[in-house]
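What follows is the residue order along each chain.
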Amino acid sequence: MADSWATPRGEPGQRTDGSGQRADSSGRRAGSGHRAGSGERAAEYGRRSGGPAGPGADLHLDLPRGGGTGVRDALIRALRDAVRGGRLAPGTRLPSSRSLAADLGIARNTVADAYGELVAEGWLTARQGSGTRVARRVVPPEPAPPRTPPPAAVAATRPAYDLRAGQPDVSAFPRSAWLSAARRALTTAPNDAFGYGDPAGRPELRRVLADYLARARGVRAAPERIVVCAGFVQGLALLSRVRAKAGHREVGVESYGLDVHWNVMRGAGLRTVPLPVDQRGARTAELDRSAGLRTVLLTPAHQFPTGVSLDPDRRAAVVDWASRVGGLVLEDDYDGEFRYDRHPVGALQGLDPEHVVYLGTASKSLAPALRLAWMVVPDHLLDDVLEFKATGEWQSGALDQLTLAEFIDSGAYDRHVRGMRMRYRRRRDQLVAALAERAPRVRVTGIAAGLHAVLQLPLGTERSVVQGAAWQSLALEGLSRYRYREQREPNEPGPGPNEPEPIPDGPPDALVFAYGAPPDHAFTGALEALCRVLP
């Protein structure tokens with residue numbers, strides 16, 4: 001229960017408690033042994049203050065009975081709320097700690113401590129000869145309450161099956177093996193691992209990655225040329241800033257891809273130039289049509305989202321272009337470990353390490369939450385990349401890096417990837433079989449690798465199928481979602497999200513079905529829901 005202290009104007013000898021009882025001039029209430037100070041003292045304080053009336057004139061403070069830190073904290077909150085709410089105006093002089101302590105019936109040290117805390121926070125000022133006053137400062141308004149939808153509304157908008165591309169089956173994260181690797185890494189971690197660290201990343205992880213990438217992806221890299229990033233997007237942003245600093249103004253991109261990547265490069269000052277994509281991958285011959293183009297972003301092993309691989313002739317052509325014009329190829333190898341029906345396509349970087357930057361990530365092979373990715377950077381760009389990364393860029397945690405290094409070095413990473421490759425292949429085969437039986441008009445493409453497939457639909461049906469999937473609580477995206485769009489100003493008219501700008505010779509209406517995303521127990525239900533909405 002709290003006591004409310006007040007001295008009403010014109011009644012200098014009386015005050016009320018929280019129950020409305022009056023106290024006599026001696027400061028005692030009927031039926032209560034709780035001491036309260038005299039109203040005369042408050043009135044006298046108001047006469048002596050020489051400024052705006054202090055809290056003795058008309059200030060209510062709700063404090064708990066008793067003493068200790070609870071009363072001190074309550075007094076701090078009460079005074080802070082009075083200032084924030086405007087009841088104590090800037091410049092208002094407060095009672096001395098002795099007077100306020102007597103009026104509230106608490107220890108003087110409690111009031112002094114509360115005043116000192118509020119002075120330190122900037123709410124009050126204290127000067128010799130001037131007493132304690134409310135600081136002359138702008139008091140920010142109370143923040144608006146968070147606009148949190150009710151739980152029922154959140155549940156209603158969450159799909160039963162989320163089959164949008166870009167996420168692996170996170171339920172299959174190898175928790176036990178990762179925990180064991182983390183324990184070993186923490187036990188053997190050198191002392192310097194707990195410092196701020198090298199912007200390039202932990203040397204243990206860079207050494208292990210150099211060996212793994214050479215063995216599994218055909219990447220040519222020394223550990224010194226590997227830069228660890230907090231995700232692929234951070235690496236792309238760093239490279240975009242480096243290219244912009246060097247005077248480049250354009251970057252080639254595939255006509256199907258992720259707008260978040262295009263926007264990252266645009267944010268660094270680069271103009272994106274689309275390269276049409278067909279059944280042989282990006283048309284790399286288009287690079288020579290733009291005189292100022294010296295940088296291109298590609299997904300050569302498994303084009304996202306169409307799923308095709310870059311034709312061998314075009315692979316050779318893009319490397320030849322980069323060497324001839326002094327250009328740079330940014331190779332996004334986002335799911336290079338997952339190949340099913342053919343020998344894995346090696347990294348493009350192996351053909352020309354000085355003109356290709358290799359970018360890999362653990363987001364598809366393990367989990368996006370790790371925020372671990374890596375770049376293999378040519379020597380002539382390494383210093384510039386590290387210079388940008390050292391200026392406030394987010395760093396991946398050293399302990400997570402050490403854990404991943406131990407996880408790879410122990411062979412657990414290879415075992416996990418092999419197991420996930422078999423799991424994803426079984427799902428892909430289930431998808432193909434179900435569509436052949438229940439939706440024979442739908443053709444499946446891009447299934448030789450990766451975690452998603454492209455389901456080609458009859459002309460003009462994509463939008464209706466996506467809408468029908470939403471009614472089945474199935475989150476799906478059409479292929480048009482990934483078609484290239486020029487960036488527009490916020491108020492510039494243009495097609496809506498379901499009315500994309502077409503790219504010449506683009507594929508027909510289609511769905512991008514991420515069979516790798518749901519957990520095993522949900523995949524059958526997701527596949528059944530999909531078949532119900534297909535034409």
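## A word on the sheet that holds strand β8 (residues 226-229)
Strand order in this open sheet of seven strands is β8-β16-β15-β14-β13-β9-β10, and the pairing throughout is mixed. If you trace the sheet from one side to the other, it starts and ends with β8 and β10 (271-275), each paired once. Here the strands of the sheet are splayed against their neighbours by 20° on average, with no regard to which way each runs. Pairing of strand β9 (residues 250-254) with strand β13 (residues 295-298) involves two bridges; the strand directions are parallel.

## Remarks on the packing of helix α14 (residues 412-438) against helix α16 (residues 520-533)
In the contact formed by α14 and α16, the axes pass within 11 Å of each other and the chain directions differ by 25°. Viewed along their axes, α14 and α16 adopt a mutual orientation that is roughly parallel. In terms of crossing hand, the pair formed by α14 and α16 is right-handed. Side by side, α14 and α16 meet where R423, R427, Q430, L431, A434, L435 and R438 of the first sit next to D520, F523, T524, L527, E528, L530, C531 and R532 of the second. Grouping the constituent residues of the contact of α14 with α16 by class yields seven nonpolar, two polar and six charged.

## So, the sheet that holds strand β21 (residues 510-513)
Read from one edge to the other, the open sheet built from four strands follows the order β17-β18-β21-β20, with strand pairing classed as antiparallel. Each edge of the sheet is formed by a strand with only one pairing partner; in this case those strands are β17 (443-445) and β20 (477-478). As paired strands, β17 and strand β18 (residues 453-456) are joined by three bridges and run antiparallel to one another. The partner of R443 across the bridge, within β18, is Q456.

## Points about the packing of aromatic side chains
Scanning the model with the defined rule gives eight aromatic pairs in all. Between the aromatic rings of F338 and Y424, the centroid separation amounts to 5.4 Å while the plane-to-plane angle is 75°, which identifies the pairing as edge-to-face. Remark: Y424 occurs in helix α14 and F338 occurs in the loop between β14 (328-332) and β15 (356-361); sequence separation between them is 86 residues. The exposure classification of F338 matches that of Y424, with both residues buried.

## Some remarks on the pairing of β21
Going residue by residue along β21, you find A510 and V512 tucked away on one face and L511 and F513 tucked away on the opposite face as well. With four bridges joining them, β18 and β21 adopt antiparallel strand pairing. If you follow L455 over to β21, its bridge partner there is L511. Bridge count between β20 and β21: two bridges; the pairing is antiparallel. Note that in β21 the partner of E477 across the bridge is V512.

## A look at the side chain of R80
Turning to its location among the elements, R80 is positioned in helix α3 (residues 69-84). A polar side-chain atom of R80 sits 3.0 Å from a polar atom in the side chain of E121. Not counting residues up to four positions away in its chain, the partners in contact with R80 are L118, E121 and W123.

## Here's the deal with the packing of helix α9 (residues 232-245) against helix α10 (residues 259-267)
Look at α9 against α10: their axes get within 8 Å of each other, and the N-to-C directions meet at 30°. Between α9 and α10, the interaxial angle falls into the category roughly parallel. Here α9 runs over α10; the crossing is right-handed. Here F232, V233, L236, A237 and S240 of α9 come into contact with α10, specifically with H261, V264 and M265. Partitioning the contact of α9 with α10 into residue classes produces six nonpolar, two polar and no charged.

Thresholds, definitions, all that
- Residues numbered from 1 in each chain as written.
- Predicted model: local features only at pLDDT ≥ 70, side-chain atom pairs only at ≥ 80, totals over all residues.
- Heavy atoms only, no water.
- Pairing = 2+ DSSP bridges.
- Helix = DSSP H or I, 4+ residues; strand = E, 2+ residues; numbered from the N terminus.
- Axes fitted to C-alpha atoms, helices over the stretch in contact; angles between N-to-C directions.
- Parallel < 35°, antiparallel > 145°, perpendicular 65-115°, else oblique.
- Left-handed = near helix turned anticlockwise from the far one by under 90°.
- Contact = heavy atoms within 4.5 Å.
- Nonpolar A, V, L, I, M, F, W, Y, C, P; charged D, E, K, R; others polar.
- Phe/Tyr/Trp six-rings, centres within 6.5 Å; stacked < 30°, edge-to-face > 60°.
- Buried < 20%, exposed > 50% of the residue type's maximum accessible area, 1.4 Å probe, protein only.
- Polar contact = N/O pair within 3.5 Å; in protein donor to acceptor, adjacent residues only side chain to side chain.

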